[in-house]
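The residues making up each chain are set out below.
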Amino acid sequence: MVGVRPSRSTAGRPEHEPRRKGPTGGRRGPGGVTMFHVNPEPGAEIHHVDPFAVPAGQRSPARRLRGRLAAPVTLWTAPGPAGLTVSSTLVAEGEPDRLLGLIDAESDLWAAVEAAGRFAVAPLGPPHRQLADRFAGLFPSPGGLFATGTWTETAYGPVPADAAGWAGCRLDTAREYGWALLVEATIECIDLTRESDPLLHYRGRYHELS
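Note that the structure is a prediction, hence the values are computed from the model and not measured. The written sequence of each chain sets the order in which its residues are numbered from 1. In keeping with the predicted nature of the model, local features appear solely for residues at pLDDT of at least 70, side-chain atom pairs appear and are counted solely at 80 or more, and the whole-chain, interface and lining totals rest on all residues. Hydrogens and water are ignored here; the side-chain numbers use all heavy atoms of the structure.

Caption draft 1: Geometry of the overall build of the protein chain. The helix count covers DSSP runs of H or I at least four residues long, the strand count covers runs of E at least two residues long, and both are numbered beginning at the N terminus. Helix and strand counts for the protein chain come out as three helices and 14 strands. Relative to its full complement of 210 residues, the protein chain shows a buried share of 47%. Residue contacts are counted whenever heavy atoms from the two residues lie within 4.5 Å of one another. Taking all contacts inside the protein chain whose residues are at least 6 apart in sequence as the whole, residues at least 24 apart take part in 62%. Exposure categories follow from relative accessible area, calculated using a 1.4 Å probe and restricted to protein chains: below 20% of the type maximum is buried, above 50% is exposed, and the middle band is partly exposed.

Structure representation (structure tokens):
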């Protein structure tokens, strides 16, 4: 649900959200006015067709291919706090275990991760659709991104109290990769509390397994 300059990508966020976000999680429209994509139900669209979306015929083949790959939705947070919805998270098992992800180099999250050198990653489930929209800049967040909901404070960043689990990661390196920033980290701790179905992102919308 994120990308990197000079051209902001959607490598880590829903395909219908490629634009620069406003100061409170909205996005800038014509004339610098902050706009919000307010969903009548979490994960849905208020318009039948996103008026700002790139027409399907003009999208690159790579973007269309990416849109056909279902991806788990995760929340990355860091001390500050800062957070971002990311759908490009991969875990590489080994000694040590590693975690990779594509994020926006201009996001508040990256600034916080770079400063702290650590971050938390929590897989989201179907009940977290609105939370995912909020941290992707698609839903208003009066009072700040962390003003609503219940959070568990960790040394790596806040995590949703109802998350089925989370991982604490130490930043190893980051580099431009395509239009995004590829973040590589070492997993230092994992807390899995219960089994839960994942929230998936596919073709610009949220989906569940069943």
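Caption draft 2: Looking closely at the side chain of Thr-74. Along the chain, the position of Thr-74 falls in strand S4 (residues 74-78). At 2.8 Å, the side chain of Thr-74 and the backbone oxygen of Val-86 are in polar contact. Throughout this description, a polar contact denotes any pair of N or O atoms lying within 3.5 Å of each other; where both atoms belong to protein, one of them has to be capable of donating a hydrogen while the other can accept it, and for residues adjacent in sequence the pair is counted only when both atoms sit in side chains. Separated by 2.9 Å, the side chains of Thr-74 and Thr-89 make a polar contact. The residues touching Thr-74, leaving out its near neighbours within four places in the chain, are Leu-84, Thr-85, Val-86, Thr-89, Val-121, Ala-122, Pro-123 and Leu-124.

Caption draft 3: Local environment of the sheet that holds strand S6 (residues 90-92). Strand order in the open sheet formed by seven strands is S5-S4-S8-S11-S12-S7-S6, with antiparallel pairing between adjacent strands. Taken across any chain shown, the strands that pair with only one partner, and hence form the sheet edges, are strand S5 (82-86) and S6. Pairs of neighbouring strands in the sheet enclose a mean axial angle of 30°, with direction left out of account. A pair of strands is treated as paired once DSSP finds two or more bridges between them. Here strand S7 (residues 98-103) runs beside strand S12 (residues 180-192); their pairing, made up of six bridges, is antiparallel. Paired with Gly-101 across the strands is Val-183, a residue of S12. Note on geometry: axes are C-alpha line fits, over the in-contact stretch for helices, and angles between N-to-C directions span 0 to 180 degrees.

Caption draft 4: Main features of the pairing of S4. Counting buried positions along S4 gives five out of five residues, so the element sits mostly inside the fold. What you see with S4 is no split at all: Thr-74, Trp-76 and Ala-78 on one side and Leu-75 and Thr-77 on the other are buried throughout. Where S4 lies against S5, five bridges are found, and the strand directions are antiparallel. Of the residues in S5, the one forming a bridge with Thr-74 is Val-86. A loop of three residues connects S4 with S5, the two strands running antiparallel in sequence, and Gly-80 in this loop sits at a positive phi of about 155°. By the bridge criterion, four bridges tie S4 to strand S8 (residues 118-123) in an arrangement that is antiparallel. Opposite Thr-77, over in S8, you have Ala-120 as the bridge partner.

Structural measurements only, silent on function.
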